[in-house]
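Secondary and tertiary structure notes
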Amino acid sequence: MGKTTFVGAVSEINPLRTEAVMTSASAGIDDLTHTGDKTTTTVAMDFGRITLDQDLILYLFGTPGQDRFWFMWDDLVRGAIGAVVLVDTRRLADCFPAVDYFENSGLPFVIALNGFDGHQPYTPDEVREALQIGPDTPILTTDARHRADAKSALITLVEHALMARLR
Amino acid sequence: MATPTGGHPYNGDQRVPGEHGDNRFGFPAASGGQGPGQYQPYQQQEHQQQGAPGGPGSEWPQQQPGAGWPQQPQQRHDTSQQPRIQPVQQRRAPEPAKPAAHNPLVRPYAMTGGRTRPRYQLAIEALVSTTADPARLQGQLPEHQRICRLCIEIKSVAEVSALLSIPLGVARILVADLAEAGLVAIHQPGGDEAAGGQPDVTLLERVLSGLRKL
């Protein structure tokens, strides 16, 4: 929820879309983007780019959060700095697979509560309790539409990743 | 299943007229009604070379539904020429080609000769820059030419896929082909080998500093 908005808020280019093709093993349980062919499903992935320095470009990739998209995450976590798990506070449970995945993969992640229309029904502490997230993982509130919020979430993530490396 | 079956076997000895010597990856016969070596997509290649690139794939003839193409046989390659590119680490499940109905112009994996895995595992954010002299692009596959023209200004593999409307898996294969032929340079993202390829502390600090300055 709000991935493309989040990427677009900080990207220097309009978010681009690329497609990955799902394999038959995972296509069977996908009913949203089913193409009619029993063996293939195409999944869109949006991404943006931030040039941080003359020789330093940061790429942001937004992928769906359901666990049937793990095959894309496996690809993205290699060499990645970390992940922002963007949570729609109306549907907290939707982020369980992503949280499980990143906890198991060891990739640093932060949880960003993206309130619908800027409204935040829960505090980070309440969400931490509900999701059983350890005290080390940052949880912040964000409005994915605002550049400052998205930038702040990225800074929190990189700080967290740096702390994890130095620990 | 990686590719549909039923097409004519690919004949590795067939060459497209005018094809560059470095480019060994010709198209297999696209429709069942043609013999090996009848490279349908090439029939309009001159359009491409006359400098009028249309939309993505628009110059390509329609693929006949149900026509298959066989897997291209493994061909030799010299890994020592590309020390910056990591060899493929693991065999991934092959990605099936998209149904023709969703891409009426040409099936994506027709561009790769039916191959579904690149020779090298390119990171999605690996950067691609064209090193070839424009004169060398003559006679290359149309898709290879488009990538080379795009990457005169450095682009990531993801951008190549998005900007040319090529599925990611196909873009990886085509870019790896170009790197092998020496037409583009690949800049794979670094990483701390000791930490399983994670970015090293210096890089993280630079990213953090860069983000704060935004």
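A brief report on the enclosed structure follows. Source: prediction; values computed, not measured.

With that settled, the discussion passes to the packing of aromatic side chains. Tallied over the full model, the rule gives six aromatic pairs over all chains. Counting every residue linked through ring pairs, the aromatic cluster contains W73(A), Y101(A), F102(A) and F109(A).

Here, disulfide denotes a covalent bond that connects the sulfur atoms of two cysteines. Residues and elements named next belong to chain B. Taken as a whole and judged by the stated rule, the model has zero disulfides over all chains. Here C151 stays unpaired: no disulfide links it, and the sulfur of C148, its closest cysteine neighbor, is 7.4 Å away. The class for C151 is buried, based on a relative accessible area of 0%.

Ranked by size, the top nonpolar core spans 61 residues in total, and within it V85(A), F102(A), I111(A), I147(B), V160(B) and I186(B) carry the most contacts. Per-element accounting of this core gives the leading share, nine residues, to helix α4 (residues 168–180) of chain B. The contacts of I111(A), once residues within four sequence positions are left out, are V85(A), V87(A), V99(A), L131(A), I133(A), P138(A), I139(A) and L140(A). One finds L56(A), I81(A), L204(B) and L208(B) within the second-largest nonpolar core, a separate group that totals 27 residues.

Turning our eyes to something else, we now look at the side chain of E125(B). Mapped onto the elements, E125(B) comes out in the loop between α1 (45–49) and β1 (127–130). Although E125(B) is buried, it makes no salt bridge; R172(B) carries the closest opposite charge, 6.4 Å away. Every residue in contact with E125(B), bar those within four places of it in the chain, is listed here: Y59(A), F61(A), R78(A), G79(A), S156(B) and P189(B).

What follows is about the sheet that holds strand β5 (residues 109–114) of chain A. Residues and elements named next belong to chain A. The parallel open sheet is built from three strands, whose spatial order is β4-β5-β6. Unpaired on one side and paired on the other, β4 (83–88) and β6 (139–142) mark the two borders of the sheet. Neighbouring strand axes in the sheet, compared pairwise and without regard to direction, differ in orientation by 30 degrees on average. For β5 and β6, the ladder comprises four bridges, and the chain directions are parallel. The residue bridging A112 from the neighbouring strand is L140, located in β6.

Now for the pattern of salt bridges. Evaluated as defined, the whole model comprises 13 salt bridges over all chains. In this structure, D53(A) and R206(B) form a salt bridge, with 3.0 Å as the shortest nitrogen-oxygen distance. Highlighted residues: D53(A) in strand β2 (residues 41–53) and R206(B) in helix α5 (residues 201–213), drawn from two different chains. The partly exposed category is assigned to D53(A), whose relative accessible area is 38%. Here R206(B) falls in the partly exposed class, since its relative accessible area comes to 31%. A salt bridge links E159(A) to R212(B); the nearest nitrogen and oxygen atoms lie 2.4 Å apart. Linking E159(A) in helix α6 (residues 147–166) with R212(B) in helix α5, this pair reaches from one chain into another. What you see here is one network of salt bridges that share partners, running through D88(A), R90(A), R91(A) and D94(A).

Rules used throughout
- Residues numbered from 1 in each chain as written.
- Chains lettered and ligands numbered in written order.
- Predicted model: local features only at pLDDT ≥ 70, side-chain atom pairs only at ≥ 80, totals over all residues.
- Heavy atoms only, no water.
- Phe/Tyr/Trp six-rings, centres within 6.5 Å; stacked < 30°, edge-to-face > 60°.
- Disulfide = S-S within 2.5 Å.
- Buried < 20%, exposed > 50% of the residue type's maximum accessible area, 1.4 Å probe, protein only.
- Core = buried A, V, L, I, M, F, W, Y, C linked by side-chain atoms within 4.5 Å.
- Helix = DSSP H or I, 4+ residues; strand = E, 2+ residues; numbered from the N terminus.
- Contact = heavy atoms within 4.5 Å.
- Lys, Arg positive; Asp, Glu negative; His and termini not counted.
- Salt bridge = Lys/Arg side-chain N within 4 Å of Asp/Glu carboxyl O.
- Pairing = 2+ DSSP bridges.
- Axes fitted to C-alpha atoms, helices over the stretch in contact; angles between N-to-C directions.

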